[in-house]
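# Examining the three-dimensional arrangement
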Protein chains: 2
Amino acid sequence: MQTPRRLLPSIGLLSAFEASARTGSFTAAARELNLTQSAISRQIRALEEQLGVELFLRERQTVRLTPAGEAYARDIREALRRISAASLNLRANPFGGTLNLAILPTFGTRWLAPRLPDFLARHPGITINLATRLVEADAAPDVPQSARSRSNFNDRGGGSRRRTYEHD
Amino acid sequence: MQTPRRLLPSIGLLSAFEASARTGSFTAAARELNLTQSAISRQIRALEEQLGVELFLRERQTVRLTPAGEAYARDIREALRRISAASLNLRANPFGGTLNLAILPTFGTRWLAPRLPDFLARHPGITINLATRLVEADAAPDVPQSARSRSNFNDRGGGSRRRTYEHD
DNA sequence: GCGCGTTACGCCCGTCGTAAGCATT
DNA sequence: AATGCTTACGACGGGCGTAACGCGC
């Protein structure tokens, strides 16, 4: 067994904890997540029970992180940030980091070449494999289940629409 | 707005995707997660719809990652690993990674010293700040974020029971 | 026929909001 | 009184298993 995934805290619990840890208040976390403080309170308690560790000190009517909670908050914040970044990046670059193009030489030199640098600048994570074909082909014939589209180089890269891709 | 937490994919979706990506099979992922392949299939589809990106190519009766899926899988795997590690580590070291002790010299040399190595061996992530005091003091007044506890050195470290600690 | 993925149908449990309670300021 | 956390209660919905289907081996 790799990692015991089954006992991972849910995203809801982790988000609630992270927001609470950052703001130092269940109420503030509730506002941020568009939930009630009641929900936050229950989620934090649930997380603590699941982990078997107290994450917050309840004093008076404020809460404060325990040392354990602080360390956990750092890790969780980083993990959530990574998931968020990966998900957003995926929506921005549906190609998966590599884009294979088969084009006609004339098209490449006249139309594509001048636009490439700007495109690459807007999609930093992306690598492009350019292949020039001498004959016109309907996109890439040997690509399984490709969604043909005009992979818009003028697009600002915000869309969730389909794009063409190949794989090796 | 820090990170748009509200639209993060759930742990279930991510776990299902990660297991499927690693095994290359929904059925295998289902076995690993103690779910039905039906559940995995639905989760993957839900994740794809939520992200607006195809993660798997359905061919014949097997599935293959798209390039986008591969990149996403790497990030998700790392994030899940981090959450898992943080959670497990927290259960093992409820003190928050650092344990500040203020003890009497005699106690330190006679009782504590012989037990320290074994304790450190059982709690690999933990760092201990030892301060010897000549007078009996209630914990360490000047140490920020110190966790006083009886920090049971004979304890096997698996419990979910409460522990007492202070904060600054 | 067997194995794998997809889809439809109920059901259950997790999680929410509301609301009441308690303590502190 | 006002604020902040806790807890009880009822309702809604996401996510599950079962089962039936299609499709290659």
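The structure contained in this document is the topic of the report that follows. (Residues numbered from 1 in each chain as written. Chains lettered and ligands numbered in written order. Predicted model: local features only at pLDDT ≥ 70, side-chain atom pairs only at ≥ 80, totals over all residues. Heavy atoms only, no water.)

### Let's talk about the protein's contact with DNA strand C
Inspection of the region around DNA strand C gives 21 residues, with R42 of chain A together with T27, Q37, S38 and R58 of chain B positioned closest. Here DNA strand C approaches the protein such that, of its atoms within 4 Å, sugar and phosphate make up 61%. The contact in question runs from a phosphate oxygen of DNA strand C to an N or O atom on the side chain of S41 of chain B, over 2.7 Å. For DNA strand C, a phosphate oxygen lies 2.5 Å from a polar atom in the side chain of R58 of chain B. Looking at the surface near DNA strand C, the elements that each hand over two or more residues are α3 (37-51) of chain A together with α2 (26-33) and α3 (37-51) of chain B. (Near = heavy atom within 4 Å. Polar contact = N/O pair within 3.5 Å; in protein donor to acceptor, adjacent residues only side chain to side chain. Helix = DSSP H or I, 4+ residues; strand = E, 2+ residues; numbered from the N terminus.)

### Considering the protein's contact with DNA strand D
Surrounding DNA strand D, one finds 20 residues, the nearest of these being T27, Q37, S38 and R58 of chain A together with R42 of chain B. Of all DNA strand D atoms lying within 4 Å of any protein atom, the proportion belonging to sugar or phosphate reaches 59%. Residue S38 of chain B places a side-chain N or O atom 3.2 Å away from a base oxygen belonging to DNA strand D. Note that a sugar or linking oxygen of DNA strand D is positioned 2.9 Å from one of the side-chain N or O atoms of Q61 of chain B. If you list the elements that add at least two residues to the surface near DNA strand D, you get α2 (26-33) and α3 of chain A together with α3 of chain B. Counting residues per element, the surface near DNA strand D draws most heavily on α3 of chain A, which supplies five residues. Here the residues of the surface near DNA strand D are counted per class, giving four nonpolar, 12 polar and four charged. (Nonpolar A, V, L, I, M, F, W, Y, C, P; charged D, E, K, R; others polar.)

### Topic: the nonpolar core
Counting residues in each nonpolar core, the largest one holds 60 residues, and the members touching the most others are F17, F56 and Y72 of chain A together with F17, F56 and Y72 of chain B. Beyond its immediate sequence surroundings of up to four residues, Y72 of chain A is in contact with P9, L14, F17, L47, L51 and L55 of chain A together with A86, S87 and L90 of chain B. (Core = buried A, V, L, I, M, F, W, Y, C linked by side-chain atoms within 4.5 Å. Buried < 20%, exposed > 50% of the residue type's maximum accessible area, 1.4 Å probe, protein only. Contact = heavy atoms within 4.5 Å.)

### Re the packing of α2 of chain A against α3 of chain A
When two helices pack together, their arrangement is given by the angle between the helix axes and the distance between those axes. All names here are of chain A. It is at 8 Å that the axes of α2 and α3 come closest, and there the two elements cross at 110°. Here α3 runs roughly perpendicular to α2, going by the angle between their axes. α2 and α3 meet at a crossing whose hand is right-handed. Of the residues in α3, those touching α2 at F26, T27, A29, A30 and L33 are Q37, I40, S41 and I44. When grouped by side-chain class, the residues that make up the contact of α2 with α3 number six nonpolar, three polar and no charged. (Axes fitted to C-alpha atoms, helices over the stretch in contact; angles between N-to-C directions. Parallel < 35°, antiparallel > 145°, perpendicular 65-115°, else oblique. Left-handed = near helix turned anticlockwise from the far one by under 90°.)

### Let's talk about the packing of aromatic side chains
All names here are of chain A. Enumeration over the complete set of coordinates arrives at six aromatic pairs over all chains. When the ring of F17 is compared with that of Y72, the centres are 5.5 Å apart and the planes differ by 40°; the resulting orientation is tilted. Of this pair, F17 sits in helix α1 (residues 11-23) while Y72 sits in helix α4 (residues 67-92), and the two are 55 residues apart along the sequence. On the basis of relative accessibility, which here comes to 1%, the residue Y72 falls in the buried class. (Phe/Tyr/Trp six-rings, centres within 6.5 Å; stacked < 30°, edge-to-face > 60°.)

### Structural notes on the side chain of E48 of chain B
Here E48 of chain B shows up in helix α3. Residues within four places of E48 of chain B in sequence aside, it is in contact with V53, E54, L55, F56 and R58 of chain B.

### Topic: the packing of α1 of chain A against α3 of chain A
Residues and elements named next belong to chain A. Orientation of α1 relative to α3, taken along the N-to-C sense of each, is 110°, at an axis distance of 9 Å. Between α1 and α3, the interaxial angle falls into the category roughly perpendicular. Here G12, L13, L14, A16, F17 and S20 of α1 lie close against α3, whose contacting residues are I40, Q43, I44, A46, L47 and Q50. When the residues that make up the contact of α1 with α3 are grouped by side-chain class, the tally is eight nonpolar, four polar and no charged.

### Structural notes on the environment of S25 of chain B
Residue and element names in this part refer to chain B. Position of S25 relative to the elements: it lies in the loop between α1 (11-23) and α2. Relative accessible area serves as the criterion here: at 23%, S25 is assigned to the partly exposed category. In this structure, the C-alpha to C-alpha distance between S25 and V63, residues 38 residues apart in sequence, is 6.3 Å. In contact with S25, other than residues within four places in its own chain, are S20 and V63.

### Considering the side chain of Q43 of chain A
With respect to the element layout, Q43 of chain A can be found in helix α3. Among the residues examined, Q43 of chain A registers a relative accessible area of 18% and is labelled buried.

### Some points on the pairing of strand β2 (residues 62-65) of chain A
All names here are of chain A. Going residue by residue along β2, you find V63 and L65 tucked away on one face and T62 and R64 left uncovered on the opposite face. Here four bridges tie strand β1 (residues 56-59) to β2, and the two strands are oriented antiparallel to one another. Within β2, the position partnered with L57 by the bridge is R64. Adjacent in sequence and paired antiparallel, β1 and β2 are bridged by two residues, among which R60 carries a positive phi angle near 45°. (Pairing = 2+ DSSP bridges.)

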